[in-house]
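One-letter residues, chain by chain:
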Amino acid sequence: MLESESLGMTWLRFPPIGLPILLTSCLLAFGCAGPSAMENTSAPEAQSPIDALVAGGGTDGFARAEVVREFVFPEDHGPHPDFQTEWWYVTGHLETDSGRRFGLQWTIFRRALSPEMGERGSDWASRQLYMGHMALSDIEGEKHLAEERFTRGAAGLAGAEIRPFRVWLEDWSAERADPEAGDPDSIWPMRLRSSADTDKGAFALDIELDPQKPHVLQGDRGLSWKHEGGASYYYSFTRIDAAGSVELDGERFDVTGSAWLDREWSTSTLSDEQAGWDWFSLQLEDGRDLMYYQLRLKDGDAHPMSAGVLVAPDGTSTKLERADVQLEVLDHWTSPRSQGRYPVRWRLIAPKYDIDLEVEPLFKDQELDIAFRYWEGAVDVRADGQKTGRGFVELVGYADEASESARGVG
């Protein structure tokens, strides 16, 4: 287990740049009402992402990511309620002893409805809304299962704590596996637990995570710019040992594997000229890890602030600039549900660092068909035709026309 020597620092992924639009899309359903607003449900179909974003209010009064800051742990593992949006975002590859493979995505998002709560007498009163996404890619069955939940951070239904570390949304949780043992400031080992029953099947996760590298500060010492007027605070654990169990349709599988954790918080939106993003998190067999996000402009070009990081086997990191990376799309897939046309195979080249990779999904249909559609899937990495790694890719802005004009930085 490693806790960074410098402890003292985006979704779901990053998710990369973040998905606060997913949170605001449920505001019409929940607003700031009473207990009846706490039911788990998807966003109303009639509510477009743009309408929901407006319903969520503006950004005035929230803290912003504008300058380089010192990251302080364990506090920065916990919530940052002065910022509008943040997330705890885990992706990973899991495998049984017999070689059956699964892809894992597990995320809890926090979204503040207003910068100030004010005095309210109800236990249900909260300005914090929480959303969870959980997805499992069954590689053998080429089946992708996904679930989402919404609730407010009140009456113990959802929240985030530091000592001991815990982030939860009802019975979904990421928490320190043994809060009574070891350093009280550590969040490791971390235990993920959640379950869901979807129209494609029931599944559950109980996974323990233990990092093998220290955290990495993304961007400029943790300040990650997405355009001239918008940035987030962002750090990652890029290589984490994973072990535990997956249940799928009543059958239990003992699994081991590797995971990736992104932490990001901000109060910004993408610029009007930006349409979405492609985000890559790759773990290479030579011990290096690579994250790269390409911000897409509406004209199809890559935004100059597209960026990433290359992490060496010893945990040291090098920032990747837009000019360092060439990304070529080799194939597409069209979703039968959303009709979104996604890129699904790429050549990623970084000549300065002797990187020339082909990235391909383990199967193409890994679209999350939830309140706001996006593609997030397990991929294999090859060089010269040989497998050289694995990872995850997230694709946002391909399936919804509204996403061309409303995007969240985090």
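Nothing here was measured: the structure is a model prediction, and the numbers come from that model.

A. Main features of the overall build of the protein. Secondary structure summary: the protein contains three helices and 23 strands in total. When the 410 residues of the protein are sorted by exposure, 58% land in the buried category. With an accessible surface of roughly 15,600 Å², the protein has 44% of that area assigned to carbon and sulfur atoms.

B. Spotlight on the side chain of glutamine 274. Following the sequence through the fold, glutamine 274 ends up in strand E14 (residues 274–284). Glutamine 274 sits in the buried class, given a relative accessible area of 1%. Of note is the side chain of glutamine 274, whose polar atom sits 2.9 Å from the backbone oxygen of lysine 226. In terms of polar contacts, glutamine 274 uses its side chain to reach the backbone amide nitrogen of serine 271, at 3.0 Å.

C. Here's a closer look at the confidence of the model for the protein. For the protein, mean pLDDT is 84; residues scoring 70 or higher make up 81% of the total. Per-residue pLDDT stays below 50 along residues 1–56; that stretch engages in 190 contacts with residues further than four places along the chain or on separate chains. Taken as a whole, residues 401–410 scores under 50 in pLDDT and shows 50 contacts with residues more than four places along the chain or in a different chain.

D. Structural view of the pattern of salt bridges. Using the criterion set out here, one finds 31 salt bridges in the structure. For glutamate 321, the salt bridge is made with lysine 319, and the minimal N-O distance between the two is 3.8 Å. Since its relative accessible area comes to 38%, glutamate 321 is described here as partly exposed. Lysine 319 sits in the partly exposed class, given a relative accessible area of 37%. With its nearest N and O atoms 2.6 Å apart, the salt bridge here joins aspartate 356 to arginine 347.

E. Region of the structure containing a negative patch on the surface. A contiguous patch of negative charge on the surface is contributed by Glu228, Asp272, Glu273, Asp299 and Asp301. Counting through the fold element by element, glutamate 273 comes out in the loop between strand E13 (251–266) and E14. With a relative accessible area of 41%, glutamate 273 lands in the partly exposed category.

F. Examining the side chain of arginine 176 more closely. Within the element layout of this structure, arginine 176 appears in strand E7 (residues 172–176). A distance of 2.6 Å separates a polar atom in the side chain of arginine 176 from the backbone oxygen of aspartate 183. For arginine 176, the residues in contact, after removing those within four places along its chain, are Phe165, Ala181, Gly182, Asp183, Pro184, Ser186, Ile187, Trp188, Pro189 and Met190.

G. Spotlight on the environment of glycine 132. Structurally, the position occupied by glycine 132 is in strand E3 (residues 128–138). Sequence separation between glycine 132 and tryptophan 172 is 40 residues; the distance between their C-alpha atoms is 8.0 Å. Glycine 132 has contacts with Thr107, Ile108, Glu147, Glu148, Arg149, Leu169 and Trp172, leaving out every residue within four places of it along the chain.

H. Geometry of the nonpolar core. Counting residues in each nonpolar core, the largest one holds 45 residues, and the members touching the most others are Trp106, Met190 and Leu209. Not counting chain neighbours up to four residues away, the residues in contact with leucine 209 comprise Val90, Trp188, Pro189, Met190, Leu192, Ile240, Asp241, Ala242 and Ala259. Among the nonpolar cores identified, the runner-up in size contains 27 residues, and Ile139, Val311, Leu362 and Val396 belong to it.

I. Structural context of the packing of aromatic side chains. With the rule as written, the count across this model stands at 15 aromatic pairs. Between phenylalanine 102 and phenylalanine 253 the ring centres are 5.3 Å apart and the planes differ by 55°, which places this aromatic pair in the tilted class. Of this pair, phenylalanine 102 sits in strand E2 (residues 101–112) while phenylalanine 253 sits in strand E13, and the two are 151 residues apart along the sequence. Residue phenylalanine 102 shares its accessibility class with phenylalanine 253, and that shared class is buried. The structure contains a cluster of three or more aromatic residues connected by ring pairs, namely Phe71, Phe73, Phe83, Trp188, Tyr233, Tyr235, Phe237 and Trp265. Above the face of the phenylalanine 71 ring, arginine 69 is positioned so that its terminal group lies 4.8 Å from the ring centre.

J. Structural context of the environment of glycine 99. Looking at where glycine 99 falls in the secondary structure, it is placed in the loop between strand E1 (85–95) and E2. Here glycine 99 falls in the partly exposed class, since its relative accessible area comes to 33%. Distance in space between the C-alpha atoms of glycine 99 and valine 255 is 9.4 Å, their sequence separation being 156 residues.

K. Broad picture of the pairing of strand E11 (residues 223–227). The buried count for E11 comes to four of five residues, which makes it a mostly enclosed element. As judged from the four bridges shared by E11 and strand E12 (residues 230–248), these two strands associate in the antiparallel manner. If you follow histidine 227 over to E12, its bridge partner there is glycine 230. Linking two consecutive strands that pair antiparallel, namely E11 and E12, is a turn of two residues.

Reading the values: the criteria
Residues numbered from 1 in each chain as written. Predicted model: local features only at pLDDT ≥ 70, side-chain atom pairs only at ≥ 80, totals over all residues. Heavy atoms only, no water. Helix = DSSP H or I, 4+ residues; strand = E, 2+ residues; numbered from the N terminus. Buried < 20%, exposed > 50% of the residue type's maximum accessible area, 1.4 Å probe, protein only. Areas by Shrake-Rupley, 256 points an atom, 1.4 Å probe, with all protein chains shown as cover. Polar contact = N/O pair within 3.5 Å; in protein donor to acceptor, adjacent residues only side chain to side chain. pLDDT = per-residue confidence, 0-100. Contact = heavy atoms within 4.5 Å. Salt bridge = Lys/Arg side-chain N within 4 Å of Asp/Glu carboxyl O. Patch = residues over 30% accessible without salt bridge, like charges linked within 9 Å, V, L, I, M, F, W, Y side chains within 5 Å. Lys, Arg positive; Asp, Glu negative; His and termini not counted. Charge placed at Lys NZ, Arg CZ, Asp CG, Glu CD. Core = buried A, V, L, I, M, F, W, Y, C linked by side-chain atoms within 4.5 Å. Phe/Tyr/Trp six-rings, centres within 6.5 Å; stacked < 30°, edge-to-face > 60°. Lys NZ or Arg CZ within 6 Å of the ring centre and 35° of its normal. Pairing = 2+ DSSP bridges.

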